[in-house]
Amino acid sequence: MNRDRLIEKLKAIDVTGKTEQELYTEISKACMSEIMETPQKAPAKTVSYFSVEFLMGRMFFNNLMALGVLDEAKEIFEEKGFDLNCFEDVEDAALGNGGLGRLAACYLDSAANLGYPMCGYGIRYQYGLFKQRFEDGCQIEEADDWLKIWGDPWSVRRADEKIDVVFKDMTVTAVPYDMPIYGKRINTLRLFQAEGSPEAEKISEYLYPADDTEDGKLLRIRQEYFFSAAAVGQLVKNFTKKNGKNFDRFPEFHVFQLNDTHAVFAVAEFLRLLTKEYKLTFVHAVDIAKKTFNYTNHTILPEALECWDVKLVEKILPEVAHILTRLHLHAKREWDMSYSVEDTTEMSIVRGGRFSMANVAVYVSGRVNGVAEIHTEILKKRLFAAAYKNASYKFLNVTNGVTPRRWLMLCNRELADFYDESLGLKWRFDLNELREIHCTNENNLKAFAAIKAIKKRQLAEYIEQKEGVKLLPDAIYVSQVKRLHEYKRQLMTALAILYLYFDLKDGKLPDFTPMVFIFGAKAAGGYKRAKAIIKFINDIAELVNGDEEVNARLQVVFVQNYGVSYAEKIIPGTDVSLQVSTAGFEASGTGNMKFMMNGAVTLGTLDGANIEIVEATRGWHNYIFGAKVTEIEKIKANYDPCEFVAQNLKIKRVTDTLTDGTFEDEGGELKEVYASLFEQTYNSPDHYLVLYDLPQYLETLLMVNRDYQDKELFARKQLANATHSARFSSDRAIEEYAEKIWKLNISH
Ligand code: 26Q
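Along each chain, the written sequence defines residue order, and numbers are assigned to residues from 1. Local features are withheld for residues below a pLDDT of 70 in this predicted model, meaning they are given only at 70 or higher, and side-chain atom pairs are given and counted only at 80 or more; totals for whole chains, interfaces and linings count all residues. In computing side-chain properties, one takes all heavy atoms of the structure into account and sets aside hydrogens as well as water.

> Tell me about the domain arrangement of the protein chain, and please be specific about residues and values.
Residue ranges for the domains originate in an automatic or database domain assignment. As far as domains go, the protein chain holds domain 1 (40–57 + 92–400 + 734–742), domain 2 (408–437) and domain 3 (439–629 + 686–722). Taking only C-alpha atoms, the centre of domain 2 and the centre of domain 3 are 25 Å apart. Residue contacts are counted whenever heavy atoms from the two residues lie within 4.5 Å of one another. In this complex, domain 2 contributes 10 residues to the contact, which on the side of domain 3 involves 14 residues. As used here, buried area is the combined drop in accessible area, with a 1.4 Å probe, of two parts when they are placed together. Together domain 2 and domain 3 conceal approximately 1,100 Å² of surface at their shared face, both sides included; 64% is due to carbon and sulfur atoms. Salt bridges, as used here, are contacts in which a Lys or Arg side-chain nitrogen is within 4 Å of a carboxyl oxygen on Asp or Glu. K455 serves as the salt-bridge partner of E414, at 2.8 Å between the closest nitrogen and oxygen. In protein, a polar contact requires one atom able to donate a hydrogen and another able to accept it; more generally it is a pair of N or O atoms within 3.5 Å, and residues adjacent in sequence count only if both atoms are side-chain atoms. At the boundary of domain 2 with domain 3, the tally comes to 5 residue pairs in polar contact (both at pLDDT 80 or more). Counting residues per element, the side of domain 2 that touches domain 3 draws most heavily on helix α18 (residues 413–423), at 4 residues. For the side of domain 2 that touches domain 3, the residue count by class is 8 nonpolar, 1 polar and 1 charged. Starting at the N terminus, helices and strands are each numbered in turn, a helix being any DSSP run of H or I of at least four residues and a strand any DSSP run of E of at least two. Following the grouping adopted for this structure description, the nonpolar residues are Ala, Val, Leu, Ile, Met, Phe, Trp, Tyr, Cys and Pro, the charged ones are Asp, Glu, Lys and Arg, and the polar ones are all others, Gly among them.

> Now, about the sheet that holds strand β22 (residues 601–604): what can you tell me, with residues and values included?
Strands qualify as paired when DSSP identifies two bridges or more between them. The 6 strands lie next to each other as β20-β19-β18-β21-β22-β23, forming an open sheet whose pairing is parallel. Bordering the open sheet on either side are β20 (554–559) and β23 (623–624), each of which pairs with just one other strand. In the sheet, strand β18 (residues 476–481) pairs with strand β21 (residues 576–579) via 2 bridges, with the strands oriented parallel. Bridging across to β21, V478 finds its partner in V576.

> Break down the packing of α18 against helix α19 (residues 442–467) for me, with residues and values.
What counts as an axis is a line fitted to C-alpha atoms, over the stretch in contact for a helix, and the angles between N-to-C directions run from 0 to 180 degrees. Following both chains from N to C, one finds α18 and α19 inclined at 160°, their axes separated by 9 Å at the closest point. Considered as vectors, α18 and α19 are oriented roughly antiparallel to each other. Where α18 crosses over α19, the handedness of that crossing is right-handed. Contact residues: α18 offers E414, L415 and F418, while α19 offers N444, A447, F448, I451, I454, K455 and Q458. Residues that form the contact of α18 with α19 fall into these classes: 6 nonpolar, 2 polar and 2 charged. Angles are sorted into four bins: roughly parallel if under 35 degrees, roughly antiparallel if over 145, roughly perpendicular if 65 to 115, and oblique for all others. Two helices cross in a left-handed way if the nearer one is turned anticlockwise from the farther one by less than a right angle. They cross in a right-handed way if the turn is clockwise.

> Break down the site of the ligand for me, with residues and values.
Around the ligand, the surrounding shell holds 19 residues, and the nearest of these are H298, N400, E586, S588 and G589. Within the side chain of Y487, an N or O atom sits 3.2 Å from an oxygen atom of the ligand. A587 has a polar backbone atom sitting 3.3 Å from an oxygen atom of the ligand. Looking at the shell around the ligand, the element that brings in the most residues is helix α5 (residues 99–114), giving 3 residues. Residue classes in the shell around the ligand are distributed as 7 nonpolar, 7 polar and 5 charged. Counting residues domain by domain, the shell around the ligand receives three or more from each of domain 1 (40–57 + 92–400 + 734–742) and domain 3 (439–629 + 686–722). Whether a residue is near a molecule or strand is decided by its heavy atoms; if any one of them lies within 4 Å of it, the residue is near.

> I'd like a rundown of the sheet that holds strand β15 (residues 354–356), residues and numbers included.
The strand order across the open sheet formed by 3 strands is β13-β15-β14, and the pairing between neighbours is antiparallel. Strands at the two margins of the open sheet, each flanked by one partner only, are β13 (307–309) and β14 (350–351). Pairing geometry for β13 and β15, over 3 bridges, is antiparallel. Of the residues in β15, the one forming a bridge with D309 is R354. Relative to the sheet, helix α14 (residues 357–364) contacts β13, β14 and β15, its axis offset from that of β15 by approximately 45°.

> Would you mind going over the nonpolar core in detail, with residue names and values included?
In terms of nonpolar packing, the biggest core is built from 204 residues, with F50 and F87 touching the most fellow members. When residues in this core are grouped by element, the largest group, 13 residues, is from helix α7 (residues 214–243). The residues contacting F50, other than those within four sequence positions of it, are Y121, F227, S228, A231, V232, L235, F256, Q257, L258, N259, A263 and A266. Nonpolar cores are built from buried Ala, Val, Leu, Ile, Met, Phe, Trp, Tyr and Cys residues. Side-chain atoms within 4.5 Å join them into one set. Relative accessibility thresholds used throughout: buried, under 20% of the residue-type maximum; exposed, over 50%; partly exposed, between the two (1.4 Å probe, protein chains only). One finds V478, I534, A627 and L691 within the second-largest nonpolar core, a separate group that totals 69 residues.

What follows is the structure, given as structure tokens:
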């Protein structure tokens, strides 16, 4: 990349009479032309990362920073009378739901920055994750037409590389759109758009179309096969151009990573091509697949484990169904020789007339990994116990990580500048260097506290502008931002806030330091209970914020349309990060890592990566509470939430607000939330131990509240978190994948 030439190109851009959109396109295109002209060495071995989600966020500032021209570009255009910051309104590319999609984006960033060849494959949805706003406290969803206003100048349509994907009833053209990922290497994110008949084009229309009907399920299967087959088709074809049919060499040049099971059809397609088109024997093809594929699991929730009806797959993909059935028999033959009946049943690819996509992935993968230590242990002991017993060498942990470029250098310039001044630039290439910043040093603490105050002020301004709510300036900012799900227990936080509210009204908390609770979350369109929890929290916000008796000490705000860009504001401006999932349910969490990197303390349970965060800071810098994963089963055996509340009248007071008319509940949604706590619904009463953990949660919140009064002590805890976050960089995670799974021997 020729930086001087890029600067000249930027200087040459004439702003007069141009709209923001025109300038956005022109500036982006100038950068793209430089990126595209940079020569690349052909790699020895490439990682293909298959993911149904890529939550890239805004690319403009990230790419200008990566190219090393962000500051200068801002100056150049300021001189021309144009403020680049207006591009903060550019739509995020929200082609994902949450953690899994954002992880894929962080991994692309790290691989490029470390010089590892990695290409992402996914779907170019016309509409990303819905845009959310609140009406009377309820979530309203609007289609996310992300291309409409700002277009997509960071991608290049590659019609010359399109490929047909064949279903029984239609043939669909997969047209690649390539987004360069700029770093030490320039890697590519290749997203396929479906083209052809109107029916064909539906395939890449929506992210996660509802799959509660047969048509919905068929569309999901089509989506999954569509991008998997397009990617595998191209990779195999390109391989044969160079190596002929010598597929034994395929694993020398290619390694595939399945980001959860959504691309498991890639396995079937790979076997189909090798056997049908290139005439390898099935056994030979399976052998090559086993040396090529790897699988990362991201969830143990039973409802999120994909199983597809054999009949459904047969309907639109008969050959694929046939291959998977054959693979099932092949695996069974292999196992029958030495494994028990129970084990083979558990590991079986076809179970009860359905394909278990996870079992396909585990069988065919050379390596299977979980995303935090506790999660990997759960995979070994529970979810994949039989496979672990019989092929333990496959299983390993790679704890997630997040990119320090977007989640520190870009979103917290002030903190990055402070590190530069203290350490020089070396920390930018190795976050372990941050440990040299001493957390007991008074100057460091002062500098850090001043930065945190700036970031809180910026956040308050942003929220005021977006939501029209003025945050209390001298309060503890406590945030819970993540998808809305019962296991993440936003409901428990809501009940805790009500408890604090009543105590404050009763004059029971005289020394209470003002606290602001910030929520951000989207609920899946069909997830009624999650939507009711959003309404409940908005009701509480209205009650608390409108009450003159308490609103100088307690405040609640639920921001609308939480996403990557909002996260970039909330995370640096937060004092306390809430990570309160029921132990054993959050595979890892990655928000927790972003908060840590920005110097927020964690208030959480011993779940997912929280455990490792506490370890990394040697205990006392974070706040842990709640039932442990080893205790849960025993607790549940004797747990009756009705009885529990009967003995805990203060808790009863807060749960009663769900039914006693405190809040308007015409549609009975809050009543249903109440039922989820006390009755058998689709889960056992209080399945996620919201009430059980509530008393300890409150104690811990009050402990934080007290500790915060000692400003220096609290800043020390926060800074210690920030300076010990190297382990949670995606650079560390990618190095582990490269070494232990992908076997990439790149000298860099
Ligand atoms: C599966 C079947 C049918 C319908 C939907 C799905 C489905 C869709 C999305 C299943 C799972 C997902 C997404 C999962 C996800 O985002 N998991 C998160 O992954 C993060 C990265 O590893 C972890 O940090 C989080 O703990 C985990 O929840």
